[in-house]
Amino acid sequence: MSSDAPIRWNCSDWTPAELAKRLRELDSDAAVELAGHVPQIGQAGLFSGLSQRLTIEVSGDVGDFLFFVGAEASIDVRGNAGDCVGHSMRSGRVTVAGNAARSLATCATGGFVAVLGQAAERCGERLSGADVFVRSRVGAMAGYAMRGGTLVLGNGCGEKLGQEMTGGVIYVRGEVASKATNLRADRMKAADSLRLSLLLAEVGIKSSGSDFQVFRARGAAA
Amino acid sequence: MSLGLELLDELDYLQTPLIGSVKTSSGMTASIEQNMPISGSSRTFTLRSPYFVRTLGPVDLGVAWDPLCRLLRHHGIPIFSPVDALVDIPAASVPARWSGRAWDEPFDFDELSTADLFEIACHDSARRQWKWPSEIASDRIDGLLRSVRETSGGDTPIGVSLPLGCHVDDIQRCLSADVDFISLSCRFAKFEASDLHSLVQCRALATKRNRSRLPLLVTAPIADIEQAHKLLALGASAVSLDCILRPAIAQDMQPNENEVSTDELRRMLPSIASSLNWSAPQRFELSQVEKLLAQAPRSLGERLTSVGASDLASFTWECLRSVSERAQRTTGVMRLAHDHSSPT
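### Here we look at the overall build of chain A
Here is step 1 of the chain: Scanning chain A from terminus to terminus reveals 3 helices and 11 strands.
Here is step 2 of the chain: Residues classed as buried in chain A amount to 55% of the 222 residues present.
Here is step 3 of the chain: Of all intrachain contacts in chain A linking residues separated by at least 6 positions in sequence, the fraction that spans at least 24 positions is 28%.
Here is step 4 of the chain: As presented, chain A carries roughly 8,700 Å² of accessible surface, and 47% of it is formed by carbon and sulfur atoms.

Take a look at the structure:
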């Protein structure tokens, strides 16, 4: 984290490519604040491929594919986010204060994605190692074809949880509409409790995770 | 032979009258280079040759991999390969690298940022079936393309890989998303008539959408270089040579009967062998492949000249004629009036 005051950019006249270029020119550890409600921010592919240790705050809504194949950076969105936030993300952190649309953190291999509102269907689709937290309810087919990583759902989920899931772990607090047949409910172990409490602490929630259910794919190791 | 290849053989070239040399921009020879514009960039990628290699790799080629890469680099032929397969190749021997990612796998930053061309394969690698990714099912391919383009640095051609025989809507979606190229591959091991028809249809659609020069990179199990050239005339911009190169590589890898092995030499001339400390040459040559790669553009250039085309852009289906009814039906290439009377 930078100790300096954040750089405030009003990027209403910039193209997405220009914004990306300016971000690449910044020193690592810089903090940037982007003004919201500019069309560039709402476009798809914001912060794609970004891999510097930047701290970025976006005050408006963002479009699809936020932080695609991104790494290292810490992005804080105060509005809502489109589809595929953190697609193929490698490391770093994305926090969305509002809601996120479909396929949150698809194929993400590392890092942490937190949505404080709701997430639409296929949240954590083909998740491959990242940690994902959604505080409010998520839509159907959460954890679809998930291969690794952790999916924490703070307020229940829609139908077909964990369909075609082969690895990783899903923690759910609240109602599960239905789960896939390949999914098994597991006992909350000490390691699960520790992992969960650490993830919840990342978003400022103090909990031992005792009120969460644990789900793993059949045949997958704990 | 598969039906698609039979139909290719039932196409022939229309020769131009001998009226003198064809005017070309570069002088005597017809140009086989093609420029691939990159959407959103002023840069263009130049396909130096209308051929590429798609399925050959170090695992199946072994010692032949290094010399093959050297030859491909020399002839300006791109190879579809992951970056890992080329790390041990000397920098001067690395050909243009074309990479891609099936939609159900995470995109890799190194692959994306170092590739000369990159494709998004609409292929479910887990189920081995062609399918659009669920996250872009609702016409979001442009968003994914923009993100991939941004990650690659903006100067890399980004394309989509589709099966030959795919639905017209799929091609339309790619064209609407402003892809830099479309890579078309056979669904199965055989090249069917529908595959041939699909290629013609794809080129026609691109032309209709004012993208007549959109690069279509076709992977098909062709048997000889002449079939590759007919695919170029039917709309392909580049054709894979894998099926032609494989037997040539196998031939090159066979032991040379005239070459004396180290053991044989030691047995025959023990004193000389030990004093010279002779060992077998380490450098592996692909003479058949080299010959083939040198001949292919030459024969294409001759073909362009014979049909009156000054470059590959003017080498179209109009340079062809069908010699059978079924070839005409599949490709839309007309038969000549006198061909109708001949039995087929």
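Having seen the structure, we can now continue with the description.
### A look at the sheet that holds strand β11 (residues 181-185) of chain B
What holds strands together in a sheet is hydrogen bonding between their backbones, with the strands either parallel or antiparallel.
All names here are of chain B.
Here is step 1 of the chain: Taken together, 8 strands build an open sheet; the order of strands is β4-β13-β12-β11-β10-β7-β6-β5 and the sheet is parallel. Edge positions in the sheet fall to β4 (51-52) and β5 (79-80), since each has one partner strand and no second.
Here is step 2 of the chain: Sheet topology note: the strand β12 (residues 216-219)/strand β13 (residues 238-240) ladder contains 2 bridges and is parallel. Paired with Leu217 across the two strands is Ala238, which belongs to β13.
Here is step 3 of the chain: On top of the sheet, helix α5 (residues 141-152) reaches β7 (117-121) and β10 (158-163); it is set at about 130° to β10, its chief contact.
Here is step 4 of the chain: The strands touched by helix α7 (residues 193-208) within the sheet are β11 and β12, with β12 carrying the most contacts at an inclination of about 175°.

### A word on the confidence of the model for chain B
Residues and elements named next belong to chain B.
Here is step 1 of the chain: Averaged over every residue, the pLDDT of chain B is 85; the share at 70 or more is 84%.
Here is step 2 of the chain: By mean pLDDT, the top-scoring element of chain B is β4 (97), and the lowest-scoring one is helix α11 (residues 270-276) (64).
Here is step 3 of the chain: Interface predicted TM-score (ipTM) for the complex: 0.89; the corresponding pTM is 0.87.

### Re the packing of helix α6 (residues 168-176) of chain B against α7 of chain B
Residues and elements named next belong to chain B.
Here is step 1 of the chain: The N-to-C vectors of α6 and α7 enclose an angle of 40°; their axes lie 10 Å apart at closest approach. Looking at the two axes, α6 sits oblique to α7. In the packing of α6 onto α7, the handedness of the crossing is right-handed. Between α6 and α7, the contacting residues are Val168, Ile171, Gln172 and Leu175 on the first element and Gln201, Cys202, Leu205 and Ala206 on the second.
Here is step 2 of the chain: Tallied by class, residues from the contact of α6 with α7 come to 6 nonpolar, 2 polar and no charged.

### Structural notes on the packing of aromatic side chains
All names here are of chain B.
Here is step 1 of the chain: On inspection of all chains with the given rule, the structure shows 7 aromatic pairs over all chains.
Here is step 2 of the chain: Residues Tyr13 and Phe315 carry aromatic rings whose centres are separated by 6.1 Å and whose planes lie at 20° to one another, so their mutual orientation is stacked. With a gap of 302 residues between them, Tyr13 in strand β1 (residues 11-13) and Phe315 in the loop between α12 (287-307) and β14 (320-322) connect regions that are remote in the sequence.
Here is step 3 of the chain: Residue classification places Tyr13 among the buried residues on the basis of a relative accessible area of 6%.
Here is step 4 of the chain: Ring centres of Phe52 and Trp98 lie 4.8 Å apart, and the angle between their planes is 70°; this geometry places the pair in the edge-to-face category.

### Some points on the sheet that holds strand β3 (residues 55-58) of chain A
All names here are of chain A.
Here is step 1 of the chain: Ordered by their spatial adjacency, 11 strands build an open sheet running β1-β2-β3-β4-β5-β6-β7-β8-β9-β11-β10, and the pairing between neighbours is mixed. The open sheet is flanked by β1 (7-9) and β10 (183-186), the only strands paired with a single partner. In this sheet, neighbouring strand axes are inclined to one another by 15° on average, regardless of whether the strands run parallel or antiparallel.
Here is step 2 of the chain: Taken together, the 4 bridges between strand β5 (residues 93-96) and strand β6 (residues 112-115) define a ladder with parallel strand orientation. Paired with Val96 across the two strands is Val115, which belongs to β6.
Here is step 3 of the chain: Set on the sheet, helix α1 (residues 16-24) makes contact with β1, β2 (31-34) and β3; between it and β1 the angle comes to about 170°.
Here is step 4 of the chain: Across the sheet, helix α3 (residues 190-202) touches β5, β6, β7 (128-134), β8 (148-153), β9 (169-172) and β11 (213-217), and the angle it forms with β8 is around 65°.

### Observations regarding the pairing of β8 of chain A
Residues and elements named next belong to chain A.
Here is step 1 of the chain: A large share of β8 lies buried, amounting to 6 of its 6 residues.
Here is step 2 of the chain: Bridge count for β7 against β8 is 5 bridges, and the pairing is parallel. Considered in β8, the bridge of Ser128 is made with Gly148.
Here is step 3 of the chain: Relative to β9, β8 runs parallel, the two being bridged by 4 bridges. Across the sheet, the residue bridging to Leu151 is Ile170, located in β9.

### Things to note about unusual backbone geometry
Residue and element names in this part refer to chain A.
Here is step 1 of the chain: The phi torsion at Ala105 lies on the positive side, around 60°, for a residue other than glycine.
Here is step 2 of the chain: By the secondary structure assignment, Ala105 is in the loop between β5 and β6.
Here is step 3 of the chain: Here Ala145, not a glycine, exhibits a phi torsion of approximately 55°, which is positive.
Here is step 4 of the chain: As for its placement among the helices and strands, Ala145 is situated in the loop between β7 and β8.
Here is step 5 of the chain: The exposure class of Ala145 is buried, given its relative accessible area of 13%.

### With respect to helix α9 (residues 242-253) of chain B
Here is step 1 of the chain: The end-to-end C-alpha separation of α9 of chain B is 16 Å, in line with the 16 Å expected for 12 residues at 1.5 Å each.
Here is step 2 of the chain: Those residues of α9 of chain B hidden inside the fold are in contact with β4, α2 (58-61), α3 (65-75), α8 (225-233), β13 and α12 of chain B.

### Some thoughts on the interface of chain B and chain A
Buried accessible area, meaning the area lost when the parts come together, often serves as the stated size of an interface.
Here is step 1 of the chain: Contact with chain B, which involves 20 residues of that partner, is made by 31 residues of chain A.
Here is step 2 of the chain: At the surface where chain B touches chain A, the tally comes to 1 salt bridge.
Here is step 3 of the chain: In this structure, Arg24 of chain A and Glu150 of chain B form a salt bridge, with 3.6 Å as the shortest nitrogen-oxygen distance.
Here is step 4 of the chain: Every element with two or more residues in the side of chain B that touches chain A is listed here: α4 (109-114) and α5 of chain B.
Here is step 5 of the chain: For the side of chain B that touches chain A, the element with the highest residue contribution is α5 of chain B, accounting for 7 residues.

### Comments concerning the nonpolar core
Here is step 1 of the chain: Residues Leu68, Leu162, Leu231, Leu245 and Phe315 of chain B are the most contacted members of the largest nonpolar core, which totals 93 residues.
Here is step 2 of the chain: Setting aside its immediate chain neighbours within four residues, Leu231 of chain B contacts Leu8, Phe191, Leu196, Leu199, Ala220, Ile222, Ala236 and Val239 of chain B.
Here is step 3 of the chain: By size, the runner-up hydrophobic cluster in this structure holds 52 residues, among which are Trp9, Leu50, Ala73 and Ala217 of chain A.

### Let's talk about the pairing of strand β6 (residues 97-102) of chain B
Residues and elements named next belong to chain B.
Here is step 1 of the chain: With 6 of its 6 residues buried, β6 lies for the most part within the structure.
Here is step 2 of the chain: Neither face of β6 is open: one carries Arg97, Ser99 and Arg101, the other Trp98, Gly100 and Ala102, and all of them are buried.
Here is step 3 of the chain: In the sheet, β5 pairs with β6 via 2 bridges, with the strands oriented parallel. Along β6, the bridge assignment pairs Ile79 with Arg97.
Here is step 4 of the chain: Pairing of β6 with β7, which is carried by 5 bridges, proceeds in the parallel orientation. If you follow Ser99 over to β7, its bridge partner there is Phe118.
Here is step 5 of the chain: With α4 bridging β6 and the parallel β7, this β-α-β connection has right-handed handedness.

Rules of the game
- Residues numbered from 1 in each chain as written.
- Chains lettered and ligands numbered in written order.
- Predicted model: local features only at pLDDT ≥ 70, side-chain atom pairs only at ≥ 80, totals over all residues.
- Heavy atoms only, no water.
- Helix = DSSP H or I, 4+ residues; strand = E, 2+ residues; numbered from the N terminus.
- Buried < 20%, exposed > 50% of the residue type's maximum accessible area, 1.4 Å probe, protein only.
- Contact = heavy atoms within 4.5 Å.
- Areas by Shrake-Rupley, 256 points an atom, 1.4 Å probe, with all protein chains shown as cover.
- Pairing = 2+ DSSP bridges.
- Axes fitted to C-alpha atoms, helices over the stretch in contact; angles between N-to-C directions.
- pLDDT = per-residue confidence, 0-100.
- Parallel < 35°, antiparallel > 145°, perpendicular 65-115°, else oblique.
- Left-handed = near helix turned anticlockwise from the far one by under 90°.
- Nonpolar A, V, L, I, M, F, W, Y, C, P; charged D, E, K, R; others polar.
- Phe/Tyr/Trp six-rings, centres within 6.5 Å; stacked < 30°, edge-to-face > 60°.
- Expected span 1.5 Å × (residues − 1).
- Salt bridge = Lys/Arg side-chain N within 4 Å of Asp/Glu carboxyl O.
- Core = buried A, V, L, I, M, F, W, Y, C linked by side-chain atoms within 4.5 Å.
- Right-handed = clockwise from strand over helix to strand, strands pointing away.

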